[in-house]
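Residue-level listing of the chains:
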Amino acid sequence: FCCGGRQNSWELSIQVDQRQGDESMKFKILVKGDLHIGGLMLKLVEKIKTPQNWSDHALWWEKKNCWLLKNHWTLDKYGVQADADLRFTPQHKPLLLQLPNMKTIKLTISFSSVVFKAVEEICKALNIRRSEELSLLKAPDDPKKKKKKDKNKDQEEDEIIDMDVIKKSKIQINVLGRWLDSSSSLMEQGIQENDKLLLRFKYHCFFDLNPKYDAVRITQLYEQARWAILLEEIECTEEEMLMFASLQYHICKLTMSTKPVDYSDEPDIDEVEAALSHLETTLEGRNTDKILEDITDIPKLEDTLKLYRPKRLLRTFKDYWFVFKDTSISYYKNKESASGEPIEQLHLRGCEVVPDVNVTEKKFGIKLLLPVADGMNEVYIRCDNETQYAKWKAACILASKGKTMAYSSYSSEVRNIQSFLQMKSLAPPPGQAASDVESMEMNPECFVSPRYGKKYKNKQLSTRILDAHHNISQLSLMEAKMRFIQAWQSLPEFGIKYYIVRFRGCKKDEILGISYNRLIRIDTSTRLPVTTWRFSNMKQWNVNWEIRQVSIEFDQNVWVAFSCQSCDCRVVHEYIGGYIFLSTRSKDQNETLDEELFRKLTGGQE
């Protein structure tokens, strides 16, 4: 029992961490429950009597795994009692950070801010714009680290990159979902001083990429794309692999040249096209789809193409007269019968558009996965040449988003597809001398995945890479990196993260793919999409944290609910909310982010 001014007082134990690496000190402070946190820290600093700047220090409550950052809150309000052991520790601590290019740097960042803010801090230090596209992952366990470490830990050395270890690590990341929670701090997620984390582009929705301002961002994005290709995290054909190899070889050659790169010479993105493109992004999925169409005639495509329907009696490709109007394709027996009723009309809004192309073999196909009540219908369309393919595929891509060819992005989409096809051509231009294999001076296996490295002898691989290189040899360093990123974005599986889920009412597990603009329900046995739901048609979603179930409502009273089997439902919830948040960005925001909106859309309600 205490009397006088000491009534209801009690001793609180606080450990003090010193920044200089000195041993921590422990103090006991006499407090009352109505003492606020700011007053407690003032009492503590007075008692320490060590001349030091304590402004970055804050109180950490180990048992409750939380920071006591609200200085006006009292001990009673926080629930701090005599049995609480607090730590007075720096909020900013050193962290080992592996960048997308696999280089590791040491950086002092905030361990008390939420990860969203910490990543913003990291990106500012590294001069990477649009920090909201990146996040942090826990580094996978590396068995090699168990060996005896060098006494001088801070000494940096060039290490041999073991592809097998990285390959295993990447698989663990995808399966276990090692992304940190963006709405919690590093300390709250068990991250300690000098731990190693990976900085990666999490959301594959790269806004306003501009070579003039984004040299670091584009380089790191290129590196992440490069490793995704080399480690076969994303499926690509042999032809595409050799195209990526030729771009890597070209980039390596330019990087090794002694000429310094002046990024101010890089062409700026056309302001009008960028503004129109942004306007279209803003309008996507809303009832204002026809705003741009009202001021112009909607173009139409007509041509003879080949059609194949696997689930119908039609077992081979057959010629039909095709008409592409608005967001639908109609096909007829021939041109003369086009004035009558079509054999069938294909509605492309919400469909999946998958390339089925081999430039070397002159195969220019488009696979359409059309949404129907009980799943997806497959339709294969075959074009005669590159020009025809580029026009029809671009129209299909826009129609899948509910847009017509009247949109300004149609012509740029056609150009991108044509450029992509040109890069995929593995034959040297006419009149070009045969490639000099000896001139390569690099190991060609470095530019392809192990599967293709084993398939060819070095000389064969060098020849094929050099032949493909002729088509892109005039590109500047930044142009080549941008082309690599764009080619990566063109791959059918680009940006899709896969999780095992159990849909409500179903007895078996299925795969859920999450992309920047849609959710894809995938059959585990066939690995084919069953249904696609676009974010633009989403009305609301929520999480029942008690039973760990995500529920989503789409237009036309469509409800989807599932529980996550391969990761915490928070991971899926944050992906969906993150992509919805990214769709709200605009250039006039001056790159300031609405952190509160991000937290509302991605934060857990536990």
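Residues numbered from 1 in each chain as written. Predicted model: local features only at pLDDT ≥ 70, side-chain atom pairs only at ≥ 80, totals over all residues. Heavy atoms only, no water.

Let us now look at the sheet that holds strand β5 (residues 85-90). Strands belonging to one sheet form pairs held by backbone hydrogen bonds; the direction of such a pair is parallel or antiparallel. Read across the open sheet, the 5 strands follow the order β2-β1-β5-β3-β4; overall the sheet is mixed. A strand with exactly one partner marks an edge of an open sheet, and here the two such strands are β2 (25-31) and β4 (66-68). Going across the sheet, the axis of each strand differs from the next one's by a mean of 35 degrees, ignoring polarity. Pairing between strand β3 (residues 57-61) and β4: 3 bridges, direction antiparallel. Pairing of Trp-60 across the sheet is with Trp-67, part of β4. (Pairing = 2+ DSSP bridges. Helix = DSSP H or I, 4+ residues; strand = E, 2+ residues; numbered from the N terminus. Axes fitted to C-alpha atoms, helices over the stretch in contact; angles between N-to-C directions.)

A word on the confidence of the model for the chain. Per-chain confidence: the chain averages 82 in pLDDT, with 81% of residues scoring 70 or above. Between residues 1-5, whose pLDDT stays under 50, and residues either more than four places distant or in other chains, the model counts 4 contacts. Contacts from residues 269-295, a stretch scored under 50 in pLDDT, to residues over four places away or in other chains number 32 contacts. (pLDDT = per-residue confidence, 0-100. Contact = heavy atoms within 4.5 Å.)

A separate point is the side chain of Thr-602. Along the polypeptide, Thr-602 turns up in helix α14 (residues 595-602). Not counting chain neighbours up to four residues away, the residues in contact with Thr-602 comprise Ser-183, His-573, Glu-574, Gly-577 and Gly-578.

On to α14, then. All buried positions along α14 are accounted for by Phe-598, Leu-601 and Thr-602. Take α14 and look down its axis: the buried residues cluster within an arc of 80 degrees, on one side only. Those residues of α14 that are buried are in contact with α3 (115-126), β21 (538-544) and α13 (569-582). (Buried < 20%, exposed > 50% of the residue type's maximum accessible area, 1.4 Å probe, protein only. Arc of directions from axis to C-beta.)

So, about helix α1 (residues 37-48). Between its first and last C-alpha atoms α1 spans 17 Å; for 12 residues at 1.5 Å apiece the expected length is 16 Å, and the two agree. All buried positions along α1 are accounted for by Ile-37, Gly-39, Leu-40, Met-41, Leu-44 and Ile-48. Tucked inside the fold, the buried residues of α1 contact β1 (10-16), β2, β3, β4, α2 (75-78) and β5. Positive phi appears at Lys-49, one or two residues downstream of α1, with a value of about 60 degrees. (Expected span 1.5 Å × (residues − 1).)

Strand order across the open sheet formed by 7 strands is β20-β19-β18-β17-β23-β22-β21, with antiparallel pairing between neighbours. Looking at the sheet topology across the chains shown, the edges are occupied by β20 (529-534) and β21. Each adjacent strand pair in this sheet contributes to an overall mean axis angle of 30 degrees, direction not counted. Taken strand by strand, α13 contacts β17 (497-503), β18 (510-514), β19 (518-522), β21, β22 (549-554) and β23 (558-564), and its axis lies near 155 degrees from that of β21.

Further remarks concern the packing of helix α5 (residues 215-230) against helix α12 (residues 477-490). Two elements in contact, α5 and α12, have axes whose closest approach is 9 Å; the angle formed by their N-to-C orientations is 50 degrees. Taken together, the axis directions place α5 and α12 in an arrangement best described as oblique. Crossing hand, α5 versus α12: left-handed. Between α5 and α12, the residues in contact are Ala-215, Ile-218, Thr-219, Leu-221, Tyr-222, Ala-225, Arg-226, Ala-228 and Ile-229 and Met-478, Lys-481, Met-482, Phe-484, Ile-485 and Trp-488, respectively. Class assignment of the residues belonging to the contact of α5 with α12 gives a composition of 12 nonpolar, 1 polar and 2 charged. (Parallel < 35°, antiparallel > 145°, perpendicular 65-115°, else oblique. Left-handed = near helix turned anticlockwise from the far one by under 90°. Nonpolar A, V, L, I, M, F, W, Y, C, P; charged D, E, K, R; others polar.)

Here the structure, examined in full by the defined rule, presents 28 aromatic pairs. On the numbers, 5.9 Å between centres and 85 degrees between planes, the contact of Phe-201 with Phe-206 is edge-to-face. The same class applies to Phe-201 as to Phe-206, namely buried. With a centroid separation of 6.2 Å and an interplanar angle of 45 degrees, the aromatic rings of Phe-364 and Tyr-389 are classed as tilted. (Phe/Tyr/Trp six-rings, centres within 6.5 Å; stacked < 30°, edge-to-face > 60°.)

With that settled, the discussion passes to unusual backbone geometry. Its identity as a non-glycine residue notwithstanding, Asp-208 has a phi of 55 degrees, on the positive side. Note that Asp-208 resides in the loop between β9 (196-201) and α5. For Glu-232, which is not glycine, the phi torsion reads 55 degrees and is therefore positive.

Further remarks concern the environment of Ala-561. With respect to the helices and strands, the residue Ala-561 is situated in strand β23. We classify Ala-561 as buried; its relative accessible area is 6%. Spatially, the C-alpha atoms of Ala-561 and Val-501 are 9.8 Å apart, while their sequence positions differ by 60 residues. In contact with Ala-561, not counting residues within four places along its chain, are Arg-502, Phe-503, Arg-504, Gln-549, Val-550 and Ser-551.

Further remarks concern the side chain of Glu-574. Counting through the fold element by element, Glu-574 comes out in helix α13. Residue Glu-574 is classed as buried on the basis of its relative accessible area, which comes to 0%. Ignoring anything within four residues of it in the chain, the contact list for Glu-574 reads Leu-180, Asp-181, Ser-182, Lys-202, Tyr-203 and Thr-602.

Take the environment of Tyr-78 next. Considering the arrangement of structural elements, one finds Tyr-78 in helix α2. Taking the relative accessible area as the measure of exposure, Tyr-78 reaches 17% and is therefore buried. Here the alpha-carbon distance between Tyr-78 and His-36, two residues 42 residues apart in the chain, equals 9.6 Å. Among all residues touching Tyr-78, those that are not within four sequence positions of it are Ile-37, Trp-61, Trp-67, Leu-68, Leu-69, Lys-70 and Trp-73.

What follows deals with empty space enclosed by the protein. On inspection of all chains with the given rule, the structure shows 4 cavities of 30 Å³ or more. One number sums up the size of the largest cavity: a volume of about 70 Å³. If you trace the largest cavity, you find it lined by Val-115, Phe-116, Val-119, Glu-120, Ser-131, Glu-132, Leu-134, Ser-135, Ser-182, Tyr-203 and Phe-598. Secondary-structure elements contributing two or more residues to the lining of the largest cavity are α3 and β8 (134-138). For the lining of the largest cavity, the element with the most residues is α3, which contributes 4 residues. Of the residues that constitute the lining of the largest cavity, the class distribution is 6 nonpolar, 3 polar and 2 charged. In this structure, the second largest cavity occupies an estimated 50 Å³ of space. As for the second largest cavity, its lining consists of Glu-240, Pro-355, Val-357, Tyr-389, Lys-393, Ile-417, Phe-420, Leu-421 and Lys-424. Contributing elements (two or more residues each) for the lining of the second largest cavity: β14 (352-358), α8 (386-400) and α9 (409-424). Ranked by the residues each element gives to the lining of the second largest cavity, the list is headed by α9, at 4 residues. (1 Å grid on protein atoms, 1.4 Å probe; cavity = no way out; pocket = protein on both sides within 12 Å on 5 of 7 lines; lining within 4 Å. Points joined across faces, edges and corners; volume = space filled by probe spheres on them.)

A word on the pairing of β14. Of all 7 residues making up β14, 5 are buried, and the element is well covered by its neighbours. Bridge analysis of β14 against strand β15 (residues 363-372) gives 7 bridges, and the strand direction is antiparallel. Within β15, the position partnered with Val-357 by the bridge is Phe-364. Here β14 folds back onto β15 in antiparallel fashion, the turn holding 4 residues, of which Lys-362 has a positive phi close to 55 degrees.

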